[in-house]
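# Architecture and fold: a report
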Amino acid sequence: MKISRIVKTVSNILLLGMIMGLNPYVMAEDAPTATATTGAEKAAWTPPPPPPDDFDWIQLNSGEWLKGEFKVLYDDSVEFDSDELGLLSLDWADIKQVRGAATFAVNIEDRDDEVVGKLQVDDDRIMIVAADETQEFNRADVISIAHGAPKESNYWSAKFTLGLNISQGNSDKQDLNLALNTKRRTADSRFLTDYLGFYSKSDHVKTDDNHRLRSTYDIFKTRRFFWRPILAEVFRDPFQNIKYQFTVGAGAGYQLIDTSKTEWSIAAGPAFKYTKFETVEDDENDSESSPALWASTNYDRELNSKMDLILGYSTIIGNQDSGGYTHHAIATLETELLSWLDFDTSFIWDHIQNPTRDSDGSVPEKDDYRFVIGLGVDF
């Protein structure tokens, strides 16, 4: 009787196990061990805070850790220098954690001063440790991060691009084009100066002499809206019958798109335009001044880790005697060869609606087109 009762009990246990999808032969005491192992495998590894003068650490969303130097965060892009991998450009959104060993200067939205101290980032939080004080902020409010204590050199960057073509033989020709772009960027302001110049000779005769220098200063009231208290541009092109031309103005602008891969801004405002002509007919004034309106847009798109597409367009609308509607448009494909060296290909279109006749009655062409290639060095 007892044996049949035992057999019946075991049969019931096996039947219950099959119904519930369990293996009755697995010992109950093994379950907690398996659960504990799984939890340990899923837990993210967190390194101890690095000692002074040690490496900075960043963890990507994939779980990978990188060791090196966190150099800068600006426009949602991080520059990180690794001894093994070199200088890397990483999307801020792809970084999960940061453990900074050195002192950092952090710009936070709606704060007039920078927060300085040791840096730690955990998901949506950022902590700055200075002396015995720890300040915590929302990661979405971070505008920029610079390695080291605040100093003027941290705010500046520059790029110099050179294109050169020299030929001799049946014809002697020299073509030279230069571009210089400088930027000073802080948490609430941006100062840009761009120079673009072309100079050409063919058989010792000058065939091109075009120069444009433009500066803007922007003050950000929010992360997207900015005032432009000053815009200044100097332009020269004797072949367009412009000895020199000055434009000064002011206005406002807005960042339509501001992500780690794409930036797009627009701006506009009033201006004053003065033009000195190279030569004019006898009964014409050799200079012209005019109130004007200006507008501009700039678009920068990261196509992949090595290539950027940069589009710029600016227009100035004055009276007919000063040229009427004019514009300067440039499209550049920037290809990174090294961390500090780019190969740039640009298409440029300059337009003057109403060119001024020169002294012999000739009217310059309304449009100039240029296709330019060059090497650019980042500083």
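Residues numbered from 1 in each chain as written. Predicted model: local features only at pLDDT ≥ 70, side-chain atom pairs only at ≥ 80, totals over all residues. Heavy atoms only, no water.

## Things to note about the nonpolar core
Counting 22 residues, the largest nonpolar core has F70, W92, L119, I126 and I145 as the members making the most contacts within it. Listed by contribution, the elements that provide at least two residues to this core are β1 (56–60), β2 (65–74), β3 (77–82), β5 (95–108), β6 (115–122), β7 (125–130) and β9 (142–147). Residue contributions to this core peak at five residues, all from β5. In contact with I145, not counting residues within four places along its chain, are F70, K71, V72, L73, W92, F104, A105, V106, L119 and I126. In terms of nonpolar packing, the next biggest core, distinct from the first, is built from eight residues, F226, L231, A267 and A292 among them. (Core = buried A, V, L, I, M, F, W, Y, C linked by side-chain atoms within 4.5 Å. Buried < 20%, exposed > 50% of the residue type's maximum accessible area, 1.4 Å probe, protein only. Helix = DSSP H or I, 4+ residues; strand = E, 2+ residues; numbered from the N terminus. Contact = heavy atoms within 4.5 Å.)

## Description of the pattern of salt bridges
If the charged atoms of two oppositely charged side chains come close together, the side chains can form a pair. Tallied over the full model, the rule gives 20 salt bridges. R125 is the partner of E136 in a salt bridge, and the nearest nitrogen-oxygen pair spans 3.7 Å. Here R125 lies in strand β7 and E136 lies in strand β8 (residues 133–138), a separation of eleven residues in the sequence. Two residues, K159 and D344, come together in a salt bridge whose shortest N-O distance is 2.8 Å. Linking K159 in strand β10 (residues 156–167) with D344 in strand β20 (residues 341–352), this pair joins segments that are 185 residues apart in sequence. Several salt bridges share partner residues, and in doing so they unite D208, R212, R214, E233, D350 and R370 into one network. (Salt bridge = Lys/Arg side-chain N within 4 Å of Asp/Glu carboxyl O.)

## Here's the deal with the environment of V363
Position of V363 relative to the elements: it lies in the loop between β20 and β21 (367–378). Along the sequence, V363 and N241 sit 122 residues apart, while their C-alpha atoms lie 8.7 Å from each other.

## Let's talk about the confidence of the model for the protein chain
The pLDDT averaged across the protein chain works out to 84; a share of 84% of its residues lies at or above 70. Within the model, pLDDT remains below 50 along residues 19–37, and this stretch shows three contacts once partners closer than five positions in the same chain are excluded. (pLDDT = per-residue confidence, 0-100.)

## Quick look at the pairing of strand β16 (residues 262–277)
Across 13 bridges, the pairing between strand β15 (residues 242–258) and β16 is antiparallel. Its bridge partner being in β16, Y254 is matched across the sheet by I266. The hairpin formed by β15 and β16 contains three residues between the paired strands. (Pairing = 2+ DSSP bridges.)

## Section: unusual backbone geometry
Positioned with a positive phi, D203 is a non-glycine residue whose angle comes to about 50 degrees. Residue placement: D203 occurs in the loop between β12 (189–202) and β13 (205–220). Given the relative accessible area of 41%, D203 is considered partly exposed. Even without glycine at this site, N241 takes up a positive phi of about 60 degrees. Tracing the backbone through its elements, the reader meets N241 in the loop between β14 (225–237) and β15.

## Brief notes about the environment of N285
Tracing the backbone through its elements, the reader meets N285 in the loop between β16 and β17 (287–302). Assessed through its relative accessible area of 56%, N285 is described here as exposed. Between the alpha carbons of N285 and D321 there is a distance of 9.6 Å; along the sequence they are 36 residues apart. Aside from chain neighbours lying at most four places away, what touches N285 is F277 and V280.

## Observations regarding the packing of aromatic side chains
Using the criterion set out here, one finds nine aromatic pairs in the structure. Consider the rings of W264 and Y299, whose centres lie 6.1 Å apart with planes at 80 degrees: the pair is edge-to-face. Of the two residues, W264 sits in strand β16 while Y299 sits in strand β17, which places them 35 residues apart along the sequence. For W264, a relative accessible area of 33% corresponds to the partly exposed category. Judged by relative accessible area, Y299 falls into the partly exposed class, the value being 25%. Consider the rings of F347 and Y369, whose centres lie 6.3 Å apart with planes at 20 degrees: the pair is stacked. Of this pair, F347 sits in strand β20 while Y369 sits in strand β21, and the two are 22 residues apart along the sequence. (Phe/Tyr/Trp six-rings, centres within 6.5 Å; stacked < 30°, edge-to-face > 60°.)

## A short note on the side chain of D344
The class for D344 is buried, based on a relative accessible area of 7%. Side chain to side chain, D344 and K159 meet in a polar contact 2.8 Å long. With sequence-adjacent residues up to four places away left out, D344 is seen in contact with K159, T161, T332, L333, E334, T335, V372, I373 and G374. (Polar contact = N/O pair within 3.5 Å; in protein donor to acceptor, adjacent residues only side chain to side chain.)

## Brief notes about a negative patch on the surface
Taken together, D282, D283, E284 and D321 make up a surface patch of like negative charges. Inspection of the secondary structure assignment puts D282 in the loop between β16 and β17. Exposure remark for D282: the relative accessible area of 85% places this residue in the exposed category. (Patch = residues over 30% accessible without salt bridge, like charges linked within 9 Å, V, L, I, M, F, W, Y side chains within 5 Å. Areas by Shrake-Rupley, 256 points an atom, 1.4 Å probe, with all protein chains shown as cover. Lys, Arg positive; Asp, Glu negative; His and termini not counted. Charge placed at Lys NZ, Arg CZ, Asp CG, Glu CD.)

## Here we look at a nonpolar patch on the surface
Residues L337, L338, W340, F343, F347, W349, Y369, F371, I373 and L375 make up a contiguous nonpolar surface patch of about 1000 Å² in total accessible area. Of all elements in the fold, only β19 (325–338), β20 and β21 reach the threshold of two or more residues within the nonpolar patch. In terms of residue count, the dominant contributor to the nonpolar patch is β21 (four residues). Following the sequence through the fold, F343 ends up in strand β20.

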